[in-house]
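Chain by chain, the residues:
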Amino acid sequence: MFNFEKLDVWHKAIDFADLIYADTRRFPPDERFGLTNQMRRAAVSISSNIAEGSSRSSKTDFGRFIEISTGSLFEVVSQAFIAERQRFLKNEQFRILYAAAEEQSRMQSGLRKSLFV
């Protein structure tokens, strides 16, 4: 088992990516190379950066990868606002996504803070 697999925050990031894939599956076909692709890539980047950061030899480096991961999370949230305004996401889907993003953000913030205690 790899170190990142022991992290709850990594598992939640995988769940978040699953949510994004499910939601974007219902986007219009002409968005396949637009918002669908952007949201999916950013969502995948969240768990990927947590995993990559866990391999670093210093807490500072790991913390930097958590920051990058958080940036990707915020990117998805911003894109979700656009998707809702374009009516690609229903309000209920948006609220679920937003709540999941808030939880993910809190967990990532907690992990980052724990690195420097």
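### Some details on the pattern of salt bridges
Side chains that carry opposite charge are capable of pairing whenever their charged atoms lie near each other.
Consideration 1: All told, the structure shown has six salt bridges when counted by the stated rule.
Consideration 2: Measuring nitrogen to oxygen at the nearest pair gives 2.8 Å for the salt bridge that ties arginine 56 to glutamate 52.
Consideration 3: Here glutamate 52 falls in the partly exposed class, since its relative accessible area comes to 38%.
Consideration 4: Among the salt bridges present, the one from arginine 95 reaches glutamate 92, with a minimum N-O distance of 2.6 Å. With arginine 95 and glutamate 92 both in helix H4 (residues 91–115) and three residues apart, the pair spans about one turn of that helix.
Consideration 5: The class of glutamate 92 is partly exposed, set by a relative accessible area of 44%.
Consideration 6: Residues participating in the shared-partner salt-bridge network are Arg64, Glu67 and Arg112.

### A few points about the side chain of glutamine 108
Consideration 1: As for its placement among the helices and strands, glutamine 108 is situated in helix H4.
Consideration 2: Those residues in contact with glutamine 108 that lie beyond four places of it in its chain are Val9, Ile46, Ile50, Ile66, Ser69 and Thr70.

### Some points on the packing of aromatic side chains
Consideration 1: One pass over the structure, following the stated rule, counts six aromatic pairs.
Consideration 2: Seen in terms of ring centroids, phenylalanine 27 and phenylalanine 88 are 5.4 Å apart; in terms of plane orientation they differ by 45 degrees. Their pairing is tilted. Taken together, the positions of phenylalanine 27 in the loop between helix H1 (8–24) and helix H2 (35–54) and phenylalanine 88 in the loop between helix H3 (59–85) and H4 put the pair 61 residues apart, joining distant regions of the chain. Considered together, phenylalanine 27 and phenylalanine 88 belong to a single accessibility category, that of buried residues.
Consideration 3: A centroid spacing of 5.8 Å and a plane angle of 35 degrees characterise the contact between phenylalanine 94 and tyrosine 98, whose relative ring orientation is tilted. One end of the pair is phenylalanine 94 and the other is tyrosine 98, both in helix H4 and four residues apart, which spans about a single turn.
Consideration 4: Residue class for phenylalanine 94 comes out buried when judged on its relative accessible area of 8%.

### Focus on the nonpolar core
Consideration 1: Counting residues in hydrophobic clusters, the biggest one holds 29 residues, and the most contacted among them are Phe16 and Met39.
Consideration 2: Broken down by secondary-structure element, the contributors of at least two residues to this core are H1, H2, H3 and H4.
Consideration 3: With residues near it in sequence (within four places) discarded, methionine 39 still touches Ile20, Thr24, Phe27, Val76, Gln79, Ala80, Ala83 and Leu97.

### So, the environment of alanine 51
Consideration 1: With respect to the helices and strands, alanine 51 occurs in helix H2.
Consideration 2: With relative accessibility at 16%, the residue alanine 51 sits in the buried group.
Consideration 3: Residues alanine 51 and phenylalanine 4, 47 residues apart in the sequence, show an inter-C-alpha distance of 5.2 Å.
Consideration 4: The contacts of alanine 51, once residues within four sequence positions are left out, are Phe4 and Trp10.

### Digging into the packing of H1 against H4
Consideration 1: At a minimum axis separation of 10 Å, H1 and H4 run at an interaxial angle of 160 degrees. Our classification of the angle between H1 and H4 gives roughly antiparallel. In this structure, the crossing between H1 and H4 has a hand that is left-handed. Each of Asp8, Val9, Lys12, Ala13, Phe16, Leu19, Ile20 and Asp23 in H1 lies in contact with H4, whose residues at this interface are Gln93, Ile96, Leu97, Ala100, Ala101, Glu103, Gln104, Met107, Gln108 and Leu111.
Consideration 2: Residues belonging to the contact of H1 with H4 are distributed by class as follows: eleven nonpolar, three polar and four charged.

What counts as what
- Residues numbered from 1 in each chain as written.
- Predicted model: local features only at pLDDT ≥ 70, side-chain atom pairs only at ≥ 80, totals over all residues.
- Heavy atoms only, no water.
- Salt bridge = Lys/Arg side-chain N within 4 Å of Asp/Glu carboxyl O.
- Buried < 20%, exposed > 50% of the residue type's maximum accessible area, 1.4 Å probe, protein only.
- Helix = DSSP H or I, 4+ residues; strand = E, 2+ residues; numbered from the N terminus.
- Contact = heavy atoms within 4.5 Å.
- Phe/Tyr/Trp six-rings, centres within 6.5 Å; stacked < 30°, edge-to-face > 60°.
- Core = buried A, V, L, I, M, F, W, Y, C linked by side-chain atoms within 4.5 Å.
- Axes fitted to C-alpha atoms, helices over the stretch in contact; angles between N-to-C directions.
- Parallel < 35°, antiparallel > 145°, perpendicular 65-115°, else oblique.
- Left-handed = near helix turned anticlockwise from the far one by under 90°.
- Nonpolar A, V, L, I, M, F, W, Y, C, P; charged D, E, K, R; others polar.

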